[in-house]
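Okay, here's what each chain looks like letter by letter:
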Amino acid sequence: MSQDGWIDGPADEEFNLRLYVAGLSPKSIRAIENLRQICETHLAGRYRVEVIDLLVNPKLARGDEIIAVPTLVRTLPQPIRTIIGDLSDADRVLVGLQLRPEARPTQ
Amino acid sequence: MADMTDVDAPNGAVLNKVGLRKAPTGIGGFDELTFGGLPRGRATLVTGGAGSGKTLFGLEFLVRGARDLDEPGVLLSFEESAAELATNVSSMGFDLPELERQGLLVIDAFRVDAATLVTTGVFDLDGLFIRLGMAVESVGAKRVVLDTMEVLFTALGNESIIRGELNRLLRWLKDRDLTVVITGERGRAGGLTRYGIEEYVSDCVVVLDHRISDELATRRLRIAKYRGSVHGTNEYPFLITDRGLVVLPLTSIGLTSAASTERVPTGVARLDHMLDGGLYRDSTVLVSGDAGTGKTSLAASMADAACGRGERVLFVSYAESPAQLLRNMGSIGLKLQRWVDAGLLRLWAVRPTAYGLEEHVVQLHRLLDENTPSLTVLDSTAGLSRVGMSSAVRATVARQIDMLKARGVTAVLTALTDDGQSESTAMEVTSLVDTWLLLRNTERNGERNRLLYVIKSRGTAHSNQVREFALTDRGAELLDVYVGPAGVLTGSARMAQLADERAAATARAAHADRRGSALARRTAQVEQQITALREELAADRFDLDQYVEQDIATDVGRDADRAAMAAHRWADPAATIDRAKA
């Protein structure tokens, strides 16, 4: 990882992502769609996404400390990063995935 | 939202009938204060600054519910991990892992790390709802604690979403009839919480405070709001003890305790007599006096006497170490060591300044539990006045007295009197005590002597006499003072006076003796004289008798002669006969 976080690892690094949702609500569908677009644009060919519906598998909520939904968890590359929300702001998602430096410090 | 019991009513008791159900917390003193506990099926906000004990409040509410009241619980912790929580409360005898194993408790800790987290767009807290739902279902929970949800405001940023979700969560909990404790961090600008969550939790608000005044930390609890229920409105001191929280209401105990009519001797026989048989079993005795008037010795005498009857005694010394005390009391013949060895006497010495006032109360609480004494000495409560403001000290002593009285323990307090104000003490606790013994020094003829007064003794006919209080090598003793024309005399003046009187009496006796023997001598003399006179008299009488006999004989002779002569002269015979008769 570079000092300023401009490029997160080599360009061919694999991204393992998990998206937690609760049922197929409009929020969930929006998040899935937003994620698909961001991945296709920035991580084409080097990402894997697993969508977990907590209404189907509630026990999985405990593993990744899920409070809010939708929550996107980057399990690879390390370290784990968490992005909460429907991913409607692509720039924020890229910051969260450390594909882009932060414009301002996170709260 | 309309709610049957959310009506303001003048009388909480009436509402309770209507159906304000309560869930006992099991926290010492709190359920008394709230007349039953927290509102059942509703949420209570417990708010306070960092380290004020709010997490502990929530945990104790859960643990007591799970362990003692058959009400399993769920803790959602947003600040500490389950392991951290378990460690924090293990010292209070709360075994969280064991309760989890028994299926009585679920601890779900959320790590919300703002550093590895960004938010983008809208979200909801369904993850939390799902986890909470699972946890509640798995143990059949009746109680839920959320500690501290406000963390989410900081971590997730989007305040309006979290507010909405919090509101939804509270409704969700209410629908499931769960009794909830939500902890909150005290706001900086005087608000009850940082993010104003008191707006959502409107049934009951408990404010905890950890305040430092006069360099002393005191914990206080206040029930800021309890909809539809009567509750104590004051700030109540509370303690974190090794058995959990203890709220100490100043006013709710003490005056309701039963009164004993049993008398216990004080160990100073004449003092018992002055008090009409001794102290009441559950009474409080204040022994006040200047420095060196024998307060500790008198208290120790009472302790010694109680141990002698086979009773247990707790002696709390704020002035001397146990070794010092044993030695010093040994010098007046009180062999306390044997009672310590016999397990009857517990000596506990602590510097007043070693702890805050609260801690002193906690300690007494614990010591009373450990030793179950029938008599307790606090020597000297004046020491405590070095710890805090006099009002706080007074309140502390009052709490100690209440605690002792509630347990039916005879309490002996010693107190230093104010300079020059021998009938008031530094703490003004005299109205709280039942019997007040005042020891006073008198200085006369270059020596100091101790006097003992019974200033008051409730419910007891007590002597109005001043007694001299003497510490001998056989313990404390009371002596009569000398009250005479020269005033009250004590000590060697009294002894001198008594010696004078003895000498005078001896002199009087000797004088009487002398006069007695003089009289005896004189009596003997007189009797001799009487005897002599009698003898004289007897001799005289003898002489007289002799003479009379001769005389009669002479007369008879003469009569005969005369008769012969008369017959010879033919005289009248009558005159002769009369003469013979005479």
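Residues numbered from 1 in each chain as written. Chains lettered and ligands numbered in written order. Predicted model: local features only at pLDDT ≥ 70, side-chain atom pairs only at ≥ 80, totals over all residues.

(A) Focus on the overall build of chain A. Secondary structure assignment for chain A yields three helices and four strands. The helix and strand sequence of chain A, counted from the amino end, reads β-α-β-α-β-β-α. Buried positions account for 34% of the 107 residues belonging to chain A. A separation threshold of at least 6 residues defines the contact pool for chain A, and within that pool the share at least 24 residues apart is 64%. (Helix = DSSP H or I, 4+ residues; strand = E, 2+ residues; numbered from the N terminus. Buried ≥ 20, exposed ≤ 12 C-beta atoms within 10 Å, placed from the backbone. Contact = placed C-beta atoms within 7 Å.)

(B) Highlighting the overall build of chain B. If you tally the helices and strands in chain B, you get 17 helices and 26 strands. Counting across all 582 residues of chain B, residues that qualify as buried make up 41%. Expressed as a percentage of contacts within chain B between residues at least 6 apart in sequence, the contacts between residues at least 24 apart total 69%.

(C) Geometry of the environment of Gly58(B). With respect to the helices, strands and loops of the structure, Gly58(B) is situated in helix H3 (residues 54-68). Ignoring anything within four residues of it in the chain, the contact list for Gly58(B) reads Val46(B), Val145(B), Asp147(B), Val181(B) and Thr183(B).

(D) Expanded view of helix H13 (residues 357-371) of chain B. All names here are of chain B. Look at H13: 21 Å from first C-alpha to last across 15 residues, which is about the 21 Å you get at 1.5 Å a residue. If you check which residues of H13 are buried, you get Leu-357, Glu-358, His-360, Val-361 and Leu-364. Down the axis of H13, the buried side of the element spans an arc of 165°, and every buried residue falls inside it. Along H13, exposed side chains directed more than 90 degrees from the buried face belong to Asp-369 and Glu-370. A positive backbone phi angle near 35° is found at Thr-372, which sits one or two residues after H13. (Expected span 1.5 Å × (residues − 1). Arc of directions from axis to C-beta.)

(E) Up close: unusual backbone geometry. Residues and elements named next belong to chain A. The step from Val-69 to Pro-70 runs through a cis peptide bond, and the omega angle for that step is -5°. Within the fold, Pro-70 resides in the loop between helix H2 (60-63) and strand E3 (71-76). Following Gln-78, the chain continues into Pro-79 via a peptide bond in cis, with omega recorded as -5°. Within the secondary structure layout, Pro-79 lies in the loop between E3 and strand E4 (81-84).

(F) Representation of the confidence of the model for chain B within the structure. Residue and element names in this part refer to chain B. Scored by pLDDT, chain B comes out at a mean of 82, with 87% of its residues at no less than 70. Looking at the elements of chain B, mean pLDDT is at its lowest for helix H1 (residues 12-18), recorded as 42, and at its highest for strand E7 (residues 143-147), recorded as 94. Predicted confidence for residues 1-18 stays below pLDDT 50, and this span has 19 contacts to residues more than four positions away or in other chains. Scored as a whole, the predicted complex attains pTM 0.63, and scored at its interfaces, ipTM 0.84. (pLDDT = per-residue confidence, 0-100.)

(G) Examining the sheet that holds E3(A) more closely. As summarised here, the arrangement of the five strands in space is E2(A)-E1(A)-E3(A)-E4(A)-E6(B), forming an open sheet in which the pairing is mixed. Lying at the two open borders of the sheet, with one neighbouring strand each, are strand E2 (47-53) of chain A together with strand E6 (117-119) of chain B. Between one strand axis and the next, the sheet turns by 20° as a mean value, whatever way the strands run. Where strand E1 (residues 15-21) of chain A meets E2(A), seven bridges bridge the pair, whose relative direction is parallel. (Pairing = 2+ DSSP bridges. Axes fitted to C-alpha atoms, helices over the stretch in contact; angles between N-to-C directions.)

(H) The arrangement of the environment of Asp53(A) in detail. Residues and elements named next belong to chain A. You can see Asp-53 is positioned in strand E2. Linking Asp-53 and Ala-22, residues 31 residues apart in sequence, is a C-alpha distance of 5.2 Å. Once residues lying within four places of it in the same chain are set aside, the contact partners of Asp-53 are Val-21, Ala-22 and Gly-23.

(I) Spatial organisation of the interface of chain A and chain B. Taken together, the contact pairs 31 residues of chain A with 22 residues of chain B. Going through the elements one at a time, H2, E4 and helix H3 (90-96) of chain A are the ones with two or more residues in the side of chain A that touches chain B. Per-class residue counts for the side of chain A that touches chain B are 17 nonpolar, seven polar and seven charged. Judged from the three bridges that link them, E4(A) and E6(B) form a sheet pairing that is parallel. Across the sheet, residue Thr82(A) finds its bridge partner in E6(B), namely Leu117(B). (Nonpolar A, V, L, I, M, F, W, Y, C, P; charged D, E, K, R; others polar.)

(J) Quick peek at the confidence of the model for chain A. Residues of chain A with pLDDT of at least 70 account for 83%, and the chain-wide mean is 81. When the criterion is pLDDT under 50, residues 1-9 of chain A qualifies, and its contacts beyond four places in sequence or with other chains add up to eleven contacts.

(K) Here's a closer look at the pairing of strand E23 (residues 467-472) of chain B. Residues and elements named next belong to chain B. Pairing geometry for strand E22 (residues 447-457) and E23, over two bridges, is antiparallel. Looking across to E23, one finds that Leu-452 is bridged to Arg-467. The pairing of E23 with strand E24 (residues 475-480) spans six bridges and is antiparallel. By the bridge assignment for E24, Leu-471 is matched with Ala-476.

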